[in-house]
Structures are given as C-alpha cells and as structure tokens.
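Chain residues, written in single-letter form:
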Amino acid sequence: MTTVAYDWVQVVHPDSKDIYFVNPTTGKCLTDKPEQGIIKPNDPNGEWWELWDDANDMPYYYHTTSGQAHWNQPADTPVISLTNTDIRLEQVVPEAGSSVLKRNSRSLDLPSTRSIPPTTAYHHTRSTSDGNNTATPPSPPPPPPPPMMTTTTTTTTTTTNTSPLCIQEESHDSLSAALPNGSMGLFGFRWTRKQSVVSEMGDLAAARQRRLSNFSAFRGKTSSSWKNLVTRTQSSPRNSIAVSTPVSNPEAAAAMHPTKWMDPFSLQAQTEKKPILPTNLQQEITQFAIDGFAQKYFAKHKRGIIFKRQVPMEEMLRWTKESLKQPLIMLNKDLYKDALKCFKLIQIIMGDRPRPRQSTEIEEYQTLLGCGISKGQMRDEIYVQVCKQLNNNPNGQSIRKGWEILCVISVTFPPSKNLESYLNNFVDQSTHVTQNQVDVISQYVSTRLKRICARGAKGKVLTAAEIERAKEAPFKPSIFGEDLELIISLPSHCDNGLKIPKIVPFLADAVLKMNGLQSEGIFRVPGDAEEVTDLRVRIENGNYDSSGITDPNVPASLLKYWLRDLEKPLIPTELYDECVKFAENSDEAIAIVNALPDLNRRIVMYMIASVQEFNREEVTQYTRMNVNNLAMVFAPNFLRCPSDSLTTVFQNSKYEQAFVRTLINDMQTEKESCAYGDEAPLAKKRCSDD
C-alpha cells in the first residue's frame, strides 16, 4: 500500500461537490484554499480514503467514486490517510421533530470555518441508569473484515471477490453472512437494505444521551471519551499512543459555567451547519455494525463431549424447552446464574416449563423485572431470551404469553443502544401476524420500546396491578403518556359534554375535596408512591374513584405526573422559544396561550384557574406555597426545553418559571367555560383591581 502525505488534501463532498482542504497531520479543515503548503488536488477518477471506525477500533477504506468500503488495505494504490483528522460522520438530518444521531466512529463531517445558519433539532435525553456491573470477557480477536460493498443505482449489479469474506450486493441477508453456517439471521428474519439500522436512526435519536452500552466493549467509553485523550502522528504505528498535552481554555470554561448568564436565543447562532456523507455511504458503514454485532456480542455455544462443535447461531436463537447452559450474550461470570434463572422464569411464564408450587406469575414477573432494573447488563440478555422463545415457537398460547412479557418489560427498562435496532426489527417483523393478536401487541411493543429508550428505565419494580395493566394495555389504551387527541377520543375517559380529558377536573377537584387548600407544601410534597400507583391504575381502568385516599398530595402528584408524561408537551415545542422570550410580558404570554390548539388551550386555562385558587393570601398562609413556588413546580408540566444542552436547560428554567408565574398573576380564566363551554374560550388579562 502507498500512503500519500501532503500538507493539505483537497476533499470533495460526494453529493454537494463542496470543496474542503484537510491537513492530515494537524486535523485542521478549511473551506478556503490555504496560502501555504503543498496541496494534493482531488482526483476526478476517484481516490481511496483511510477513515477510522471507533466501534471496531481499526481503520477502513472508502473509494470516493465506486463507493466501495472495506477493511482490507488497497494494494498498489495511493491512499489518503484521514484517520488523524477531526472528520466526523453524522446521520442525515431526520424530519423536523426528531434529532441528529452521531455514529460512534470518525468519518466524513467536515466543520466549516465560515458561519452557516444552523439547522437545530431537539430531543429528550435518555436515562443513564444502568447497572454497575461491567463485563470483562477475554479480549476478542480483531473483527472480521466486512463484505465488499458497491453502491450503485442498478440493483442487479454484484461485486465478486475470491475472498470468503466478500458478499454479493444483491444479497438480502447481510446479517446471515456474518453468522456461522449460513444462518438466516438474527431470530430467523432477513436483513435488507431497507431494514438497515439507518432507517431507524430517526427513532434512535433520543438515545443520544442515554446510558452507555451494557456490553463490556462499550462500557466506560463514548464515541470520543478516551480517543480524545490521545494523539497519533502520521508516522507512528496504529497501536502507538501518546498522551496529549492538556488544553487550558479559561474562556470556554467561563462560558459554560452554569451560573453565567447566556442568551438562550443566541445559542443556535453558535453552532455551524456541518456537511455530511451521502445516504448510501452512511447506510453501508452502518451495515458494518449490523453484520458484526452477533459475532461480537453473542456468546458462542458449543456441544459435544470430545469434539466440541459450535452451535449455529440460528439454532442458538430458536425456541427450546430445554434449560440454557450459558447466557446468550457475553456477561460477567457473576451474572451467569442470574441469566439462567431468568430464562427459567421466562419459560415458566410462557408455559414451557411447569410452575413450582407456592409460586405465582406476578412473583415471577417481579423477579424478572427486579433483575433487569438492578443489573443493567441483564436487560439485553432478558430481551434476547424472550425473542429466542418466540422464534419458531410451536405453541400459540406460549407465543401470546411471550408477547405479554415484552409488553411488561418494554415499559420497565430499555435494551442497550447496540441491541435496540435488532429488537425493533424483530418486533416489526411480527406486525403482520394476526394469530393470537400478535399484530396488535407487536405494534404496541414497538411504540413502548421507542418511548422507554428515550426516557430510560424505571426506578422500581412494577406492582401487581401495574403488571396486569401492562399486559392488557395493547387492547385498552392508557391515558398516561399518550397524545391528547387519542386520550380525548376514549369514551371511558371523557364525560358527555366535557371538552377536556376527565382526569384533569377529577384530580383537581380531588385535591380540593381532600382539604388541599390547607395542606402545607401542596403540589411540592410528593404523595405516597403506592397510593399514587393505585389511583393511577384505577383511572386507567376507567374507575374514577378516590375512595380510601385522604392525602391531597396523592391526586396532586398524579395530576402533575399526567401533565408531565404527555407524549407531546402541553405547550407545543414550536412555541417554546416564544414563551421564553416573552416570559414576563403578560400581553404576549396570554397571546401565546390563545394561539394554542383548542384542547391544549382549554387544559392550560383550566390548570391556571385551579392553581390561582392556591395563590390567595388566605391560602398561602397554610400551604406556604406562594406564586413563585407554584410556578416552580408547574413550569416543567407546561413546558419542556427541547435542547439537549444541560446549560441551556438550566438557563431556560428561570424563564419557564417566569412564564408560568406571569400566567398565574395576570391571566383571567374560568374553569367551567374551559371544561364545558361550546365556544372556544380565550384568555384575557386581569384587571388591575382584581
């Protein structure tokens, strides 16, 4: 291989044809032609680039014209080494409302030195609550080279190679090629280009700040954590690593300090729009991770006494009535017993194994959930075990029970980032299966998986009532965590003539009936967790009855939870900036409320009218909740900061509270007209003498 070294390399974006100048040694990237140094011009016939893949910790090679990408170094041809540059590969920006997800590798995303208006996309951050157990399996051998890929517009074109590690482009089973013995792929379904992980990256965007992978290979790392702490020179070997000199930047540190004021409306101007790779190359590079996943993370099962032979992956991931001999995924040794115990519990729940005496299904569910909540590494193992028992299962009742398990665990804890795309594809493959109503259940599970991956694991095991509720949720839609339009369409959750969901006036009135006006810390002090859960299950089952509950903090806590858990914020994201900008302008704030959709506006006005009852002087002397305290506890229920920057969230919280405080002080509204009025109510400004 010939490695070309220049002061500057002219790089042409394959799609936009924009020209950039990259210094392979320093990693600097310019959009203007440098004045000094030797420049290597772009080859119109194409050239080979050496890029770095963090996931496999090794370089790969991409040809700019043919679109070929593989691990092997091209022989007898010049290669432009870009592994030492600050080049990034970024997903194609999804549709509005979703976020940009950066791949865990270096490749093409060239930062511009010119100021370009940004395209911002927001998403919710993901929970980092994983178990503390870290797997430390023996170091695996280097990953196998990926198939040679040719990106063409003709679907019949194939790439042939004498190497057994190459694959034809027309193959619809790229995962099977990476599995031993020509497996049909993970859990028996085929991977096509349309089923690539890239097609689901919009849904995975919420995983950007989620917990790290449960697999040991990614434990303690991010895409840039330790790699940013080392430097490599162009002449040094790949494994030669030197610690870089710490960089002192007092200005950046001062700017990021949480107590330093920052204009939230100028944050977008600080980001530059970055060019990205074409979609076809992005798909091919992402496919590397798909093909190597099974070999990298699934344990190798062997059988035989003298001559042990490896069990084919397809067989290992197929339903069985036998016990497991070892986990399906590489785990710590101290988790082996837990993995085998969980598999037995899954078999018992699905009816594939007799239930022991003095054991109930609820207890088995709670043991399974407790293991997944407390031990982060076990989550993927549990998901894969359930999928294994659903794959080629001959018993229809067992299949139904298996999908019920997915319903329960998908509202309790998420899979790891690495397993997420596989799990989503497995679930999506069943959306057309009508037997045992699998199509309905799988669609529900698909929705729950996206949601739990965005929000993270629960902190406690579900109660018996919550487990039963989760099992029947696909056929009885919940009013928690759903869209307002869906909730208002459910007959059991909306009285005749009521223009807002029944839960809002029910809980607000329950707080008053339980003497909430004289309860110190109302809306601030949380209610008993078990009583809140019990009341929630009652309401979800259509039983609007608060009998037996005397603490006003219980309905108050549930009311705040319902508002905060809505699929979309009560005040839509597109109006968030306006709310922050005019937080203390009563006229503009009221105008924003009147600009809301009718259902959202009615609920906001009803809630403000309810909160205003607690802002009277004769009430605050008992509750110790003045307007500032009320605004603080209700602001997160009305507004959600769409930014993923903690600094922005921190800075904007005071504006969110100011906006809600302005509405409490200055907006005039009536609860009755908001709840039952036929005409769309409009908020007005209070008179000065009110």
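Thresholds applied
- Residues numbered from 1 in each chain as written.
- Predicted model: local features only at pLDDT ≥ 70, side-chain atom pairs only at ≥ 80, totals over all residues.
- Heavy atoms only, no water.
- Helix = DSSP H or I, 4+ residues; strand = E, 2+ residues; numbered from the N terminus.
- Buried < 20%, exposed > 50% of the residue type's maximum accessible area, 1.4 Å probe, protein only.
- Contact = heavy atoms within 4.5 Å.
- Areas by Shrake-Rupley, 256 points an atom, 1.4 Å probe, with all protein chains shown as cover.
- UniProt positions renumbered as here; feature names shortened; annotations may be inferred.
- Salt bridge = Lys/Arg side-chain N within 4 Å of Asp/Glu carboxyl O.
- Phe/Tyr/Trp six-rings, centres within 6.5 Å; stacked < 30°, edge-to-face > 60°.
- Lys, Arg positive; Asp, Glu negative; His and termini not counted.
- Core = buried A, V, L, I, M, F, W, Y, C linked by side-chain atoms within 4.5 Å.

Labelled according to an unreviewed UniProt entry, the chain appears under the name Rho gtpase activation protein, originating from Lichtheimia corymbifera JMRC:FSU:9682.

**Details of the overall build of the chain**
When helices and strands are counted, the chain shows 23 helices and 15 strands. The buried share of the chain, taken over its 690 residues, is 51%. Taking contacts inside the chain between residues at least 6 apart in sequence as the whole, the part at least 24 apart equals 71%. For the chain, the exposed surface amounts to about 32,700 Å²; the carbon and sulfur share of it is 50%.

**Side note on the UniProt feature "domain: WW" (unreviewed entry) in the chain**
Sequence positions flagged by UniProt for "domain: WW" (unreviewed entry) are, in local numbering, residues 43-76. With 0% helix and 41% strand, residues 43-76 has end C-alpha atoms that lie 16 Å from one another.

**Some remarks on the pattern of salt bridges**
Per the counting criterion, the structure on display carries 22 salt bridges. Its salt-bridge partner being Glu47, residue Lys40 comes within 3.1 Å of it at the nearest N-O pair. Put simply, Arg355, Glu361, Glu364, Lys401, Glu468 and Lys471 are held in one network by salt bridges that share partners.

**A word on the packing of aromatic side chains**
A full pass over the atoms with the stated rule returns 8 aromatic pairs. Ring plane angle 35° and centroid distance 5.8 Å describe the contact between Phe480 and Tyr561, whose orientation is recorded as tilted. Placement of the pair is Phe480 in the loop between helix 12 (464-472) and helix 13 (484-488) and Tyr561 in helix 16 (residues 553-564), with a sequence separation of 81 residues. Residue classification places Phe480 among the buried residues on the basis of a relative accessible area of 2%. Given a relative accessible area of 24%, Tyr561 falls into the partly exposed group. With a centroid separation of 6.3 Å and 40° between ring planes, the pair formed by Phe634 and Phe638 is classed as tilted. With Phe634 and Phe638 both in helix 21 (residues 627-638) and 4 residues apart, this pair spans about one turn of that helix. Members of the aromatic cluster, each reached through a chain of ring pairs, are Phe523, Phe614, Phe634 and Phe638.

**Details of helix 12**
Residues of helix 12 that are buried include every one of Glu466, Ile467, Arg469, Ala470 and Lys471, and no others. Along its buried surface, helix 12 packs onto helix 7 (361-374), helix 9 (396-409), helix 11 (438-455) and helix 15 (529-540).

**A look at the side chain of Asp439**
The topology assignment puts Asp439 in helix 11. Although buried, Asp439 forms no salt bridge, and the nearest oppositely charged side chain, Arg400, lies 8.7 Å from it. Those residues within four positions of Asp439 in sequence are excluded, and the remaining contacts are Ser430, Thr431, His432, Val433 and Thr434.

**Thoughts on the nonpolar core**
With 72 residues, the main nonpolar core has Trp562 and Phe659 as its most contacted residues. The dominant element in this core, judged by the number of residues it contributes, is helix 19 (residues 598-612), at 8 residues. Residue contacts for Phe659: discarding those within four places in its chain leaves Ile571, Cys579, Phe582, Ala583, Ala589, Ile592 and Leu639. With 53 residues, the next largest nonpolar core counts Phe343, Ile382, Ile405 and Ile409 among its residues.

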